[in-house]
Every structure is written in structure tokens, then in C-alpha cells.
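The residues making up each chain are set out below.
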Amino acid sequence: MKPRHLHLSEDCRAVSGVLNRVGDKWTVLVVTKLGPGRMRFSELREAVGGISQKMLTATLRGLERDGFVVREQFPTIPPRVEYELTDLGRELLEPVTALAEWARRNGERVARARERFDRIAGNSSWEMDEESEGSRAVGQ
């Protein structure tokens, strides 16, 4: 019997792990804002806009953990903390910026496609059809 999927589970885990980190809107915004250079936490929060202190802290910690951002704390009163992209983070900047720009250019097209789909689908509930690996309306 031939395997159904020709990809390696290790590859899927690697891709999934990276996409989980870089695929959320806050990561995209933080990485693009840090692109030009080092920023203080308060500057970054203001530049990102709409992000809570807690969410920015969590996003930066995740980026630091994954090696995309480096954090430097200065022994001043009050303490000053600055963030900067690492070499790995600067490599990530190119595809993340391209994705963000694509989303800005095509956001309205995606919204229209969703509206069209929702009108056609009506009140049908959609689920994955495991046999064909496609979507189908339940009860149709």
C-alpha cells in the first residue's frame, strides 16, 4: 500500500512551528516595525498601535525564544529595554514584509470572495470531506 502523503512528518512539524510563530498579525507588525532598527518597548508599542502591553510582551518573548529578536536591558532608572532583529529575524523580514504587502493589496478581493461564497453557500454548514480532501456542504 502506498503512503497517502509524501511529506515527512518532521517537515510538517518544522513548517507548522514556524508558521505558528510568524503567522499571527502581531508578529508580522512587530517584525516589520523592527526592520529599520532597534526600538525601545514603548516606541514599539506606539508604532504597532492597538496592541496591549501584555500582548506585545508575549509576542516579543516568543520572537526572542525563536531567535528572531534580541532584547537588551539597560541598568537605568527607570529600566530601559530595547529590541532588535537578529540575523535570523532580518532574514524573516523579507517574506513577512512581502506577505503583509500582499495582504494589504488583496484584502478587499479576499473580503469580496468571502461574501460571494457566503451568499452562495447560504446557511449550509461546511466541513472537510476526508475522502476527497475537499469541502462539501453538510446535508446536500
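In case you missed it, the structure is sitting above this.
Here's a quick rundown of the structure. What you see is a predicted model; the values in this text were computed from it and never measured. (Residues numbered from 1 in each chain as written. Predicted model: local features only at pLDDT ≥ 70, side-chain atom pairs only at ≥ 80, totals over all residues. Heavy atoms only, no water.)

**Brief notes about a nonpolar patch on the surface**
Stated precisely, the cut-off is as follows: Nonpolar side chains (Val, Leu, Ile, Met, Phe, Trp, Tyr) within 5 Å and like charges within 9 Å form the patches, drawn only from residues with over 30% relative accessible area and no salt bridge. For the accessible areas, the method is Shrake-Rupley and the probe is 1.4 Å, while residue cover comes only from the protein chains on display. Take a side-chain nitrogen of Lys or Arg and a carboxyl oxygen of Asp or Glu: if they are within 4 Å of each other, that pair is a salt bridge. Helix and strand labels come from DSSP, where a helix needs a run of H or I of at least four residues and a strand needs a run of E of at least two; each type is numbered from the N terminus. Relative accessibility decides the category of a residue: with a 1.4 Å probe and only protein chains considered, values under 20% of the type maximum give buried, values over 50% give exposed, and everything between is partly exposed.
A cluster of nonpolar side chains, L99, W102 and V110, forms an exposed patch at the surface whose accessible area comes to about 280 Å². Among the secondary structure elements, W102 is positioned in helix α5 (residues 87-121). Classification of W102 by relative accessible area gives partly exposed; the value is 44%.

**With respect to the pattern of salt bridges**
According to the stated counting rule, one finds six salt bridges in the structure shown. Between R90 and D87 there is a salt bridge whose closest N-O contact spans 2.6 Å. Placement of both R90 and D87 in helix α5 is noted, with a separation of three residues, approximately one turn of the helix. Exposure remark for D87: the relative accessible area of 56% places this residue in the exposed category. Ionic pairing is found between R112 and E108, a salt bridge with its closest N-O pair at 4.0 Å. Highlighted residues: R112 and E108, both in helix α5, separated by four residues, approximately one helical turn. Judged by relative accessible area, E108 falls into the exposed class, the value being 62%.

**Points about unusual backbone geometry**
For the bond running from I77 to P78, omega is -5°, close enough to zero to count as cis. Inspection of the secondary structure puts P78 in the loop between β2 (69-74) and β3 (80-85).

**Some words on helix α4 (residues 53-65)**
As a reminder, the rule being used: Between the first and last residue of a helix there are one fewer steps than residues, each counted as 1.5 Å, and that sum is the expected span. The arc in question is the one traced by the directions running from the helix axis out to the C-beta atoms. Two residues form a contact once any of their heavy atoms are found within 4.5 Å.
Spanning 13 residues, α4 covers 18 Å between terminal C-alpha atoms, matching the ideal 18 Å at 1.5 Å per step. For α4, every residue scored as buried is listed here: L56, T59, L60, G62 and L63. Within α4, the buried residues cover an arc of 160° as seen down the axis, which keeps them to one side. Looking at α4, the residues exposed on the side facing more than 90 degrees away from the buried face are K54, R61 and R65. The inward-facing, buried residues of α4 abut α1 (9-22), α2 (25-34), α3 (41-48), β2 and β3. Following α4 by one or two positions, G67 has its phi on the positive side, about 85°.

**A word on the nonpolar core**
Buried together is how nonpolar side chains tend to be arranged in soluble globular proteins. Let me state the cut-off plainly: By convention a nonpolar core is built from buried Ala, Val, Leu, Ile, Met, Phe, Trp, Tyr and Cys residues, the set being connected through side-chain atoms within 4.5 Å.
V30, L34, L44, L60 and V69 are the most contacted members of the largest nonpolar core, which totals 23 residues. Counting residues per element, the ones that place at least two in this core are α2, α3, α4, β3 and α5. Setting aside its immediate chain neighbours within four residues, V30 contacts L44, V48, L56, T59, L60 and L63.

**What about the environment of F68?**
Along the chain, F68 turns up in the loop between α4 and β2. Look at F68 and you get buried, because its relative accessible area is 8%. Put simply, F68 and D87 are 19 residues apart on the chain and 7.5 Å apart in space, counted from C-alpha to C-alpha. Contact partners of F68, with chain neighbours within four places excluded, come to R21, V22, L63, E84, L85, T86, L88, G89 and L92.

**So, the side chain of N106**
Rule in force here: Counted as a polar contact is a pair of N or O atoms within 3.5 Å, where, for protein atoms, one must be capable of donating a hydrogen and the other of accepting one, and residues adjacent in sequence contribute only when both atoms are in side chains.
With respect to the element layout, N106 can be found in helix α5. The exposure class assigned to N106 is buried, which follows from its relative accessible area of 9%. A polar contact is formed between the side chain of N106 and the side chain of R109, at a distance of 2.7 Å.

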